[in-house]
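Okay, here's what each chain looks like letter by letter:
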Amino acid sequence: MKNILLAIVGLSPQVVTETLYALHQQGRRVDALEIITTRHGKEAINAFLLAPGDGQYHRYLADYGIDPAQIDFSFDHVHTVNDNNGIEINDITDEEDNESLLRYCLELTFRLTRDPETTVFFSLAGGRKTMSACLMLAAQFYARPQDRVYHVLVSPEFESNRDFFYPPRESRPIELRDRENQPYFKETRYARVNLVPIPFFSVRDQLAGDLLREPKDPATLMLNLIRDEPSVLTVDLVAGKLIFRKRELDMMPARLALYAFFALQKKGCTREVGSCRGCDDCYLDFSGIASRQGEITKIYRQVAGGRDTWEMSDTGILGLNAENFNSYKGKIRKELERGFGAYATPQLAIEAVGHRPDTRYGITLDREKIRIVL
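Residues numbered from 1 in each chain as written. Predicted model: local features only at pLDDT ≥ 70, side-chain atom pairs only at ≥ 80, totals over all residues. Heavy atoms only, no water.

1. A look at the pairing of strand β12 (residues 350-353)
Here is step 1 of the chain: Where β12 lies against strand β13 (residues 360-363), four bridges are found, and the strand directions are antiparallel. The residue of β13 that forms the bridge with A352 is Y361.
Here is step 2 of the chain: Linking two consecutive strands that pair antiparallel, namely β12 and β13, is a turn of six residues; a positive phi of about 85° is found at G354 within it. (Pairing = 2+ DSSP bridges. Helix = DSSP H or I, 4+ residues; strand = E, 2+ residues; numbered from the N terminus.)

In structure tokens:
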């Protein structure tokens, strides 16, 4: 039986050597090591664990007399999560990142559990909490009776120390920090690294046969599970408001007209990509915005209702210039923060890319998550 350690890792590669140490201390053999991480996590692993000669993974094996050939682990076993466009994700920061992470956890877990002659040890010790949750969910779908889920608990004073990767065979003093952030030294022999088995329910036997022939997307596997609906932004020009995550924001006609113009610009993009992440093809520079003043005026007339546009000032929304455009943009951002919070604002606001004089403007939110009521 081949034992495979599948670990989720964020910016603390220490969890890899700590988990290996804990498994070995319990007499559990590890024949192969697979890691799921982000681009930043991969860089940390390559720098601190796998650096030729002095990487902490190599140090651990040498310190405890373990033949490197006994564990199949190299740069090729560090798997980074990609977005829908195939670009490595830097960090897990939003719903789209989390969907990509979950999809990869499911795919890799499916592959590793296909062989009945393997045992998979799932390690939940690293990464953000959502990363551990995704790997746990993958285990619940595909794990078999011989597979196990583990967490690793490290003595608190050592856990947060970037110089501690495992308790070395020969104890040595290591610099730590107290609650007042003052340095002090403590011998590594006092470090405790405990392997904690996590009970879990597996639904593998309840999956229909075709669901075990190839990896399926999360939506297919989770048809019967409870989950939040994707967050959709509704730009309602009839009611004069924005709706996002069940919250409503009334917006002044001029600001709503300008915002709706950018929302329509995003929705009208015809580029065939799986996601809008990293794409700014639909963004416009100010000259491009000004050249379409007629469209903005038409939207404003619809939103404003009663008054004819000829009665209104031509120095505001009906006569955009660089100065009042920036003013509108800033006020719209403040309204979005007030209505939907600082966390949601970066994906909803009219953002700028590039540097002067080549600055262009657009909305970051994926076009599939925008709905417009005309």
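The structure having been displayed, the exposition proceeds.
2. Structural notes on the nonpolar core
Here is step 1 of the chain: In terms of nonpolar packing, the biggest core is built from 38 residues, with L242 and Y259 touching the most fellow members.
Here is step 2 of the chain: Looking at this core, the elements that each hand over two or more residues are β9 (233-236), β10 (241-244), α8 (253-267), α10 (293-304), α11 (322-340) and β13.
Here is step 3 of the chain: Look past the residues within four positions of Y259 in its chain and what remains in contact with it is L233, V235, L242, M251, I332, L336, L348, I350 and I363.
Here is step 4 of the chain: In this structure, L23, L49, L50 and Y64 belong to the second largest nonpolar core, which totals 36 residues. (Core = buried A, V, L, I, M, F, W, Y, C linked by side-chain atoms within 4.5 Å. Buried < 20%, exposed > 50% of the residue type's maximum accessible area, 1.4 Å probe, protein only. Contact = heavy atoms within 4.5 Å.)

3. Here's the deal with the packing of α8 against α10
Here is step 1 of the chain: The interhelical angle for the contact between α8 and α10, taken along N-to-C directions, is 130°, at an axis separation of 8 Å. Considered as vectors, α8 and α10 are oriented oblique to each other. As α8 packs across α10, the resulting crossing turns out to be right-handed. Along its contact with α8, which presents P253, A254, L256, A257, L258, A260, F261 and L264, the element α10 presents E295, I296, I299, Y300, V303 and A304.
Here is step 2 of the chain: Residues belonging to the contact of α8 with α10 are distributed by class as follows: 13 nonpolar, no polar and one charged. (Axes fitted to C-alpha atoms, helices over the stretch in contact; angles between N-to-C directions. Parallel < 35°, antiparallel > 145°, perpendicular 65-115°, else oblique. Left-handed = near helix turned anticlockwise from the far one by under 90°. Nonpolar A, V, L, I, M, F, W, Y, C, P; charged D, E, K, R; others polar.)

4. Regarding α8
Here is step 1 of the chain: For α8, which comprises 15 residues, the first-to-last C-alpha distance of 20 Å matches the rise-based estimate of 21 Å (1.5 Å per residue) to within 8%.
Here is step 2 of the chain: In terms of burial, α8 is a largely internal element, twelve of the 15 residues being buried.
Here is step 3 of the chain: Buried within α8 we find A254, R255, L256, A257, L258, Y259, A260, F261, F262, A263, Q265 and K266. (Expected span 1.5 Å × (residues − 1).)

5. Some words on the packing of helix α1 (residues 14-25) against helix α3 (residues 56-63)
Here is step 1 of the chain: Their axes nearest at 10 Å, the elements α1 and α3 cross at an angle of 20°. Compared by their axis directions, α1 and α3 come out roughly parallel. Here α1 runs over α3; the crossing is right-handed. Contacts from T17, L20, Y21 and H24 in α1 reach Q56, Y57 and Y60 in α3.

6. Re the pattern of salt bridges
Here is step 1 of the chain: In this structure the tally under the stated criterion is 17 salt bridges.
Here is step 2 of the chain: For the salt bridge of E187 with R189, the shortest nitrogen-to-oxygen distance reads 3.7 Å.
Here is step 3 of the chain: When its relative accessible area of 24% is taken as the criterion, E187 is described as partly exposed.
Here is step 4 of the chain: Between R338 and E335 there is a salt bridge whose closest N-O contact spans 3.2 Å. Here R338 pairs with E335, and both are found in helix α11, just three residues apart, close to one helical turn.
Here is step 5 of the chain: Judged by its relative accessible area of 56%, R338 falls in the exposed class.
Here is step 6 of the chain: Via salt bridges that share partners, R255, E335 and R338 belong to a single interconnected network. (Salt bridge = Lys/Arg side-chain N within 4 Å of Asp/Glu carboxyl O.)

7. Here we look at the layout of surface pockets
Here is step 1 of the chain: Its boundaries defined by the atoms lining it, the second largest pocket holds a volume of some 420 Å³.
Here is step 2 of the chain: Every residue lining the second largest pocket is counted, 17 residues in all, and those nearest its centre are D94, E96, R277, Q347 and T364.
Here is step 3 of the chain: Broken down by secondary-structure element, the contributors of at least two residues to the lining of the second largest pocket are α4 (95-112) and α12 (345-348).
Here is step 4 of the chain: In the lining of the second largest pocket, the residues fall into five nonpolar, five polar and seven charged. (1 Å grid on protein atoms, 1.4 Å probe; cavity = no way out; pocket = protein on both sides within 12 Å on 5 of 7 lines; lining within 4 Å. Points joined across faces, edges and corners; volume = space filled by probe spheres on them.)

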